[in-house]
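# Commentary on secondary and tertiary structure
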Amino acid sequence: MGVRTGDQYKKSINQLKTDVWIKGERIKGEISEHPAFRGIIKSQAELYDLQHVTRLQDKMTYALTSDEERIGMSYLIPKTRADLERRREMVQVWARHSAGLMGRSPDYMNTVLAAFASSVHVLEGEQNCFPERLKRFYEYACSHDLSFTHTFVNPQNNRSKLAFIEEDVTNARVVKRIEEGLVIRGAKLLATQGGITDEIIVFSSPGIQDKAHAFAFSIPSDTEGLKFICRKSFVGDDSSYNSPLSSRFEEMDSIVVFDEVLVPWERVFFYDNIKAANDFYTKGNFVPFTLHQIVSRQVIKTEFILGLAQMIVDTINISEYQHVQSKVAEIIKGLESSKALLLTSEKNATRNAQGVMIPQRMPLYVAVNQFQESYPRFTEIIQLLGASGMVTIPEEVQFQSSIGSKLDHYLQGFEIKGRERVELFTLAFDLCMSGFGSRQSLYERFFFGDPIRLSQIIYQTYQTDTHTAFVKKMLEKEQAD
Ligand SMILES: Cc1cc2nc3c(=O)[nH]c(=O)nc-3n(C[C@H](O)[C@H](O)[C@H](O)COP(=O)(O)OP(=O)(O)OC[C@H]3O[C@@H](n4cnc5c(N)ncnc54)[C@H](O)[C@@H]3O)c2cc1C
């Protein structure tokens, strides 16, 4: 089949008739026509179509041999530094299409799958582990260009350190091991884009205490007993003027419920193995590969925010003020740091024993942890620069009415008419203040894990020995003097 078109993606999602619940009802009919999903499915389809644009073909796809069908670059397992560069460029083509606002553009999960497939050695020879199945599944996913969502974390009912002592009443767990496969009951915290992908990958996050929770598998989204229960939609409305971002990029997050879901053995990658669950996450390539994708996207998102900040400055003509300059400079510093950390991770990449090129972890950890803090600050800067402009944003229909000419006059900016000025500030509002925008901040803060625990990982894994030795040497010199 090779790389898909947007239309093929849309048809496939509509045919599934996945069990998706929103506003107290199960979605009936084509999900691509539902107001909560219309925009995001269209945007996702546009991304698939980019793989077919002739001038982008070498960036977005590759062929293993000259006569083989091309597959998505997002599935590439890098063997060289040039491959990492190709991966970055592919991510950034897709990210530019959504200004980096689609955290789950297909490259995110395709990267996760490539990371898993390149980590099968961690599972080899281990009890209840099936590396061959994972490899076969990766090949199947590449050749069919499948779309994925995923869910790793358990529901948030009790996060105390001693939570494992309590009876588990919510978490998805294996309740039966039968001839046909595993039976799963319970829930997982959430899946972004849950319900609008072909498949869902379910993995245990590290730190599992009970082997019934230690599993990994992938199943079609329409598997019997699997339910996606959506939150409230953050789509403002269908208008690209009034809701320029949420009408296109609202990805939706849904709670994932497993009502006695049968996972066939062919789709089980491991089960009942706590060590495998921990090792696969920590010793496999999930972290460095996924972080490389994430930081590549975040660079583009920061470029977009910088452009928006500067346009606000120009539109109300405030560039002469020193604090305005330093606020924009904050975004520039964030952008340049992310870019530098990303390139450092590629420059210092090393090839592992399996011949896979692994980007250096630490610069990527630092970049993503910094972004967890700087992204909410960037949106604050937009608000501080925009001030009342963020709320003097009448809807398009007001400009089309008989008072439109008054609005054009009274809301004019520096050398632009009211309608254009409001269009820009409406975009800023959607990015920083709407439900969609607030969720974007929460997403960047948490989607790759708790920022507090991430900074702990940085502290605990950073080698400081040479630095303390440096100080000791300096002290010895002082004494010698
Ligand atoms: C918008 C969004 C989209 C997401 N999409 C997905 C997805 O598609 N798939 C998926 O699997 N996950 C997804 N996630 C989940 C994400 O991985 C988690 O939010 C993240 O790992 C943090 O877990 P939590 O939300 O359960 O927070 P908690 O772990 O419940 O943390 C809540 C608070 O308690 C503190 N806390 C809790 N435990 C500790 C501890 N041990 N030590 C110190 N402090 C602690 C935290 O610092 C935090 O302040 C998404 C999250 C968001 C917000």
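Residues numbered from 1 in each chain as written. Predicted model: local features only at pLDDT ≥ 70, side-chain atom pairs only at ≥ 80, totals over all residues. Heavy atoms only, no water.

Turning to the domain arrangement of the chain, a few remarks are in order. Annotation of the chain at the domain level lists domain 1 (6-280) and domain 2 (285-468). Using C-alpha coordinates to define each centre, domain 1 is positioned 25 Å away from domain 2. The interface of domain 1 with domain 2 comprises 46 residues on the first partner and 44 residues on the second. Regarding the contact of domain 1 and domain 2, the summed buried area is about 3,800 Å², with carbon and sulfur atoms giving 62% of it. On the domain 1 side of the interface with domain 2, the three residues burying the most area are R81, L84 and Y241, jointly 20% of the side's total. If you look at where domain 1 meets domain 2, you find three salt bridges. The partner of R88 in a salt bridge is E346, and the shortest N-O contact between them spans 2.7 Å. At the level of secondary structure, the elements contributing two or more residues to the side of domain 1 that touches domain 2 comprise α4 (81-98), α5 (106-117) and α7 (246-249). Sort the elements by how many residues they give to the side of domain 1 that touches domain 2 and α4 lands first, with nine residues. Residue composition of the side of domain 1 that touches domain 2, by class: 19 nonpolar, 14 polar and 13 charged. (Domains from an automatic or database assignment. Contact = heavy atoms within 4.5 Å. Buried area = accessible area lost by both parts, 1.4 Å probe. Salt bridge = Lys/Arg side-chain N within 4 Å of Asp/Glu carboxyl O. Helix = DSSP H or I, 4+ residues; strand = E, 2+ residues; numbered from the N terminus. Nonpolar A, V, L, I, M, F, W, Y, C, P; charged D, E, K, R; others polar.)

Before going further, it helps to spend a moment on the packing of aromatic side chains. Summed over the entire model, instances satisfying the criterion amount to 26 aromatic pairs. Look at Y241 and F399: their rings are 6.2 Å apart centre to centre, the planes differ by 65°, and that puts the pair in the edge-to-face class. Of this pair, Y241 sits in the loop between β10 (226-230) and α7 while F399 sits in helix α12 (residues 396-400), and the two are 158 residues apart along the sequence. Each of the two residues, Y241 as well as F399, counts as buried. Put simply, the rings of Y108, F116, F152, F203, F270, F280, Y281, F286, Y443, F447 and F448 pair up and form one aromatic cluster. The positively charged end of R133 is found above the aromatic ring belonging to F130, 3.6 Å away from the centroid. K301 extends its terminal NZ or CZ atom over the ring of Y375, reaching a point 4.4 Å from the ring centre. (Phe/Tyr/Trp six-rings, centres within 6.5 Å; stacked < 30°, edge-to-face > 60°. Buried < 20%, exposed > 50% of the residue type's maximum accessible area, 1.4 Å probe, protein only. Lys NZ or Arg CZ within 6 Å of the ring centre and 35° of its normal.)

Next up on the list: the sheet that holds strand β5 (residues 148-151). Strand order in this open sheet of four strands is β5-β8-β9-β12, and the pairing throughout is mixed. At either end of the open sheet lies a strand with only one pairing partner, and these are β5 and β12 (268-271). When the angles between neighbouring strand axes are averaged without regard to direction, this sheet yields 20°. With four bridges connecting them, β5 and strand β8 (residues 199-203) associate as parallel partners. Residue pairing for β8: T151 is matched across the bridge by V202. Against the sheet, helix α6 (residues 131-144) makes contact with β5, β8, β9 (215-220) and β12, and its axis sits at roughly 145° relative to β12, the strand it touches most. (Pairing = 2+ DSSP bridges. Axes fitted to C-alpha atoms, helices over the stretch in contact; angles between N-to-C directions.)

Now for a nonpolar patch on the surface. A contiguous nonpolar patch, built from W21, I229 and I255 and spanning about 240 Å² of accessible area, is present on the exposed surface. Along the chain, the position of W21 falls in strand β1 (residues 20-22). A residue is classified by how much of its surface remains accessible, and W21, at 32% relative accessible area, is partly exposed. (Patch = residues over 30% accessible without salt bridge, like charges linked within 9 Å, V, L, I, M, F, W, Y side chains within 5 Å. Areas by Shrake-Rupley, 256 points an atom, 1.4 Å probe, with all protein chains shown as cover.)

In terms of nonpolar packing, the biggest core is built from 135 residues, with F37 and F258 touching the most fellow members. When residues of this core are sorted by domain, at least three fall in each of domain 1 (6-280) and domain 2 (285-468). Apart from the residues within four sequence positions on either side, F258 is in contact with A172, I184, R185, G186, A187, K188, V202, F217, I219, G225 and L226. (Core = buried A, V, L, I, M, F, W, Y, C linked by side-chain atoms within 4.5 Å.)

Next up on the list: helix α14 (residues 418-432). Taking 1.5 Å per residue, 15 residues should reach 21 Å; α14 reaches 21 Å between its end C-alpha atoms and fits that length. Among all positions of α14, only G418, R421, V422, L424, F425, T426, L427, A428, D430, L431 and C432 are buried. Structurally, α14 contributes buried residues whose contacts are with α7, α9 (286-316), α11 (361-386), α12, α13 (404-410) and α15 (435-446). (Expected span 1.5 Å × (residues − 1).)

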